[in-house]
Amino acid sequence: MTALRRPRLTRNDWLLAGLGALCEQGPGALGAEPLARRVGATKGSFYWHFTDVPAYNLALLTLWETAAGDAIENCAETGMSEVARLRITAQTIAATSTSDSPALRAEPAIRAWASDDSICAATVTRVDEARLGRLRALLAACGIGNAEMARILYASAIGMEELRDSDAARNSDAIGSLVDLVLALR
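Predicted, not measured: the structure shown is a model, and the values here were computed from it. (Residues numbered from 1 in each chain as written. Predicted model: local features only at pLDDT ≥ 70, side-chain atom pairs only at ≥ 80, totals over all residues. Heavy atoms only, no water.)

A word on the packing of helix α1 (residues 11-25) against helix α4 (residues 53-73)
Here is step 1 of the chain: As a packed pair, α1 and α4 sit with axes 10 Å apart at the nearest point and diverge in direction by 80°. Classified by the interaxial angle, the pair formed by α1 and α4 is roughly perpendicular. The residues of α4 that touch α1, namely those facing R11, W14, L15, A17, G18 and L19, are Y56, A59, L60 and L63.
Here is step 2 of the chain: In terms of residue class, the contact of α1 with α4 is made up of 8 nonpolar, 1 polar and 1 charged. (Axes fitted to C-alpha atoms, helices over the stretch in contact; angles between N-to-C directions. Helix = DSSP H or I, 4+ residues; strand = E, 2+ residues; numbered from the N terminus. Parallel < 35°, antiparallel > 145°, perpendicular 65-115°, else oblique. Contact = heavy atoms within 4.5 Å. Nonpolar A, V, L, I, M, F, W, Y, C, P; charged D, E, K, R; others polar.)

This is how it looks when you write it as structure tokens:
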């Protein structure tokens, strides 16, 4: 009788497992051995895909950074007004915990990790700057010249995530109301 073979784990399988471990247990769970136990594989499988744990961590952060950038890029539909783009961008930032993307759902855990890890902190800073740049550009296109309004919107959007409110529509409505308030200042 032949034994059933488990499908080989892909690089993405390892990254998704790491996102789950990070969210559930924090960055201490991102070692080769705990991840191998989590997915029921050997450390050798881990090292087949990643040269070492720092390379794995970098791949995990790159996955999040790419997902965060893609989410903002996807807010710009053709034919949409700048006001609508601003609203959708702010709402997207405020709704990472309900995103379809496992990488985006890990944002609160990644932000917590950044408090103790300089590479993670640099990645978070790049994402923050890209998002702030997008908000500033959209506000300027809507006639709001005060660049600090972008920081206010961004901090509020991130704060919505920290509330851990299970009602995503409520967060979306709240950040949408803030966008409306800022636009009323024109």
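What to know about the nonpolar core
Here is step 1 of the chain: Y56 and I110 are the most contacted members of the largest nonpolar core, which has 30 residues in total.
Here is step 2 of the chain: For this core, the secondary-structure elements that each account for two or more residues are α1, α2 (32-39), α4, α6 (102-105), α7 (107-114) and α8 (118-141).
Here is step 3 of the chain: If you tally residues by element for this core, the top one is α4, at 8 residues.
Here is step 4 of the chain: Setting aside anything within four residues of it in sequence, one finds Y56 in contact with W14, L15, A17, G18, L30, L35, F46 and F50. (Core = buried A, V, L, I, M, F, W, Y, C linked by side-chain atoms within 4.5 Å. Buried < 20%, exposed > 50% of the residue type's maximum accessible area, 1.4 Å probe, protein only.)

What about α4?
Because each turn of an α-helix spans 3.6 residues, side chains separated by three or four positions in sequence point in the same direction.
Here is step 1 of the chain: Taking 1.5 Å as the rise per residue, α4 with 21 residues should run 30 Å; its terminal C-alpha atoms sit 30 Å apart, in good agreement.
Here is step 2 of the chain: Among the residues making up α4, those that are buried are Y56, N57, A59, L60, L61, W64, A67, A68, A71 and I72.
Here is step 3 of the chain: Taking the backbone nitrogen of A55 as reference, a side-chain oxygen 2.8 Å away marks D52 as the first, capping residue of α4. (Expected span 1.5 Å × (residues − 1). Polar contact = N/O pair within 3.5 Å; in protein donor to acceptor, adjacent residues only side chain to side chain.)

Some remarks on helix α5 (residues 82-93)
Here is step 1 of the chain: Here α5 is 12 residues long and its end C-alpha atoms lie 16 Å apart, about the 16 Å a rise of 1.5 Å per residue gives.
Here is step 2 of the chain: Of all the positions in α5, only R85, L86, T89, A90, Q91 and I93 are classed as buried.

Side note on the packing of aromatic side chains
Here is step 1 of the chain: In total, this model carries 5 aromatic pairs according to the counting rule given.
Here is step 2 of the chain: Seen in terms of ring centroids, W14 and F46 are 5.5 Å apart; in terms of plane orientation they differ by 85°. Their pairing is edge-to-face. Note that W14 is positioned in helix α1 and F46 in helix α3 (residues 43-49), a separation of 32 residues in sequence.
Here is step 3 of the chain: Where F46 meets Y56, the ring centres are 5.1 Å apart and the plane angle is 55°; that geometry is what we call tilted. Here F46 is found in helix α3, whereas its partner Y56 is found in helix α4, with 10 residues between them in sequence. Considered together, F46 and Y56 belong to a single accessibility category, that of buried residues.
Here is step 4 of the chain: Each residue in the set W14, F46, Y47, F50 and Y56 is aromatic and connected to the rest through ring pairs, giving one cluster. (Phe/Tyr/Trp six-rings, centres within 6.5 Å; stacked < 30°, edge-to-face > 60°.)

Any functional reading would require information that these geometric values do not contain.
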